[in-house]
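What the coordinates show
Listed here are the chains, written in short residue letters.
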Amino acid sequence: MSEQAAGGHPWDAHAAWWKATFTGGADPEYDREIVPLVRREVGEGARRVLDVGTGEGQVARSLQACGPADRRVVGIDPSGAQLAFAAGAGGGPCFVQGRGERLPFADATFDAVVCCLVIEHADDPDAVLAEMARVLAPGGRLVLLVNHPLYQGTGSGFIDDQILGERYWRVGPYLDESVAYEEVDPGVAIAFAHRPLSRYVNPLGARDVVLVRMDEPRPPAELLATSLDPALESAIPRLLSLRFEARPPPAARVRDWDEATGGR
Ligand SMILES: C[S@@+](CC[C@H](N)C(=O)[O-])C[C@H]1O[C@@H](n2cnc3c(N)ncnc32)[C@H](O)[C@@H]1O
């Protein structure tokens, strides 16, 4: 069923808020950390790049502006309202309406797949992971950014205990999967799913898409400006970036070994 036939997507209602709050230089975390990190992790070589859950398209536009001259970036999102902003901003990527759970692309189409702060909102994360692994070419990179599951899960957060005179970071029930509606701004309630890290790493590993690098950037200074304890909060990561690589199929690995050893 299309998003139109279903009466729109929940993120349609958040599209104007998302654009005003997180894009076009409005958010220091995106500007100074997320976008440069994604560019670096995708790397210089990738020609065909897919941005799953592209939203207003800021990550896709940034990736289109770097890399090889013949790079082609495709952004896909189920929200028509997000895509309308993406199309209006231009910048070169091609935008397609659809869900990560069912990507309308052939196997091994992309040299790099990006999924930036999306999987927490997807109805079926296993299907999204399987689809991203399917469309990734052998040797390709999958860059997955999530709210750090260890420190930002349901029930986690800064505690200022005025009675005990202690400040600490409470870690919620990490191993329990849960969905919480968070009012991120007045009138903007968004569903966030919490899952332990193994729920993302192992399904990809089972498809020969293996973890090769992780980054846990410190929150930018602007976000700590209003903290009661900036030193404590600066040591608690908000984001986790995971870079996976699609290993070549077993037959190719055996052939490489034969080539490398001269068949000995
Ligand atoms: C927090 S925004 C991130 C947008 C963009 N990736 C960025 O970093 O600027 C989350 C996006 O995920 C999209 N989304 C939600 N469920 C999805 C799904 N099942 N497949 C693909 N995208 C989805 C939403 O429509 C929304 O645009």
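Residues numbered from 1 in each chain as written. Predicted model: local features only at pLDDT ≥ 70, side-chain atom pairs only at ≥ 80, totals over all residues.

We now examine the overall build of the protein. Across its full length, the protein carries 9 helices and 11 strands. For the protein, the residues scored as buried account for 34% of the 264 residues in total. When contacts within the protein are restricted to residue pairs at least 6 apart in sequence, those whose partners lie at least 24 apart make up 68%. (Helix = DSSP H or I, 4+ residues; strand = E, 2+ residues; numbered from the N terminus. Buried ≥ 20, exposed ≤ 12 C-beta atoms within 10 Å, placed from the backbone. Contact = placed C-beta atoms within 7 Å.)

Attention now moves to the packing of helix H5 (residues 125–135) against helix H6 (residues 198–205). Axis separation between H5 and H6 bottoms out at 10 Å; the angle between their running directions is 40°. Of the possible angle classes, the one that applies to H5 and H6 is oblique. With respect to the hand of their crossing, H5 and H6 are arranged in right-handed fashion. Residues Pro125, Asp126, Leu129, Ala130 and Ala133 of H5 pack against Arg199, Tyr200, Pro203 and Leu204 of H6. Looking at the contact of H5 with H6 residue by residue, the classes come out as 7 nonpolar, no polar and 2 charged. (Axes fitted to C-alpha atoms, helices over the stretch in contact; angles between N-to-C directions. Parallel < 35°, antiparallel > 145°, perpendicular 65-115°, else oblique. Left-handed = near helix turned anticlockwise from the far one by under 90°. Nonpolar A, V, L, I, M, F, W, Y, C, P; charged D, E, K, R; others polar.)

Here the focus is the site of the ligand. Taken together, 21 residues form the shell around the ligand, and within it Trp11, Gly53, Gly55, Gly100 and Ala122 come nearest. Among the residues making up the shell around the ligand, the classes are represented as 8 nonpolar, 9 polar and 4 charged. (Near = placed C-beta within 6 Å.)

Moving on: the environment of arginine 61. If you trace the backbone, arginine 61 turns up in helix H3 (residues 58–64). For arginine 61, a count of 21 C-beta atoms within 10 Å corresponds to the buried category. For the pair arginine 61 and valine 49, spaced 12 residues apart in the sequence, the C-alpha separation amounts to 11 Å. Look past the residues within four positions of arginine 61 in its chain and what remains in contact with it is Ala89, Gly91, Gly92 and Pro93.

Buried within helix H4 (residues 80–89) we find Ala81, Gln82, Leu83 and Ala86. The inward-facing, buried residues of H4 contact helix H1 (15–22), strand E2 (72–77) and strand E3 (94–97). The first or second residue beyond H4 is glycine 90, which carries a positive phi of 65°.

Further remarks concern the nonpolar core. Counting residues in hydrophobic clusters, the biggest one holds 42 residues, and the most contacted among them are Val113, Val114, Met132 and Leu144. The contacts of leucine 144, once residues within four sequence positions are left out, are Cys115, Ile119, Tyr200, Leu242 and Phe244. (Core = buried A, V, L, I, M, F, W, Y, C linked by C-beta atoms within 7 Å.)

Moving on, we come to unusual backbone geometry. With a phi angle near 55°, alanine 108 is a residue other than glycine that sits in the positive phi range. Mapping alanine 108 onto the fold places it in the loop between E3 and strand E4 (110–116).

Next up on the list: the sheet that holds E2. Pairing within the open sheet is mixed, and its 7 strands lie in the order E3-E2-E1-E4-E5-E11-E10. On the outer flanks of this sheet lie E3 and strand E10 (209–215), each paired with one strand and no other. On average, adjacent strands in this sheet sit at an angle of 20° to one another, irrespective of strand direction. Pairing of E10 with strand E11 (residues 239–246), which is carried by 6 bridges, proceeds in the antiparallel orientation. Note on E11: the bridge partner recorded for arginine 213 is arginine 243. Where helix H2 (residues 28–42) meets the sheet, it contacts strand E1 (48–52), E4, strand E5 (136–147), E10 and E11, and its direction lies at approximately 160° from that of E5. Along the sheet face, H6 touches E5, E10 and E11 and points at about 145° away from the line of E10. (Pairing = 2+ DSSP bridges.)

Where H1 meets H4, the closest approach of the two axes is 8 Å, and the angle between their N-to-C directions is 45°. One way to sum up the angle between H1 and H4 is to call them oblique. From H1, Ala15, Trp18 and Lys19 reach across to H4, where they touch Ala81, Gln82 and Phe85. Broken down by class, the residue content of the contact of H1 with H4 amounts to 4 nonpolar, 1 polar and 1 charged.

All right, on to the environment of aspartate 12 then. Checked against the element boundaries, aspartate 12 lands in the segment before H1. For aspartate 12, a count of 17 C-beta atoms within 10 Å translates into the label partly exposed. Sequence separation between aspartate 12 and leucine 83 is 71 residues; the distance between their C-alpha atoms is 9.3 Å. Each residue touching aspartate 12, except ones within four places of it in the same chain, is listed here: Ser79, Gly80 and Ala81.

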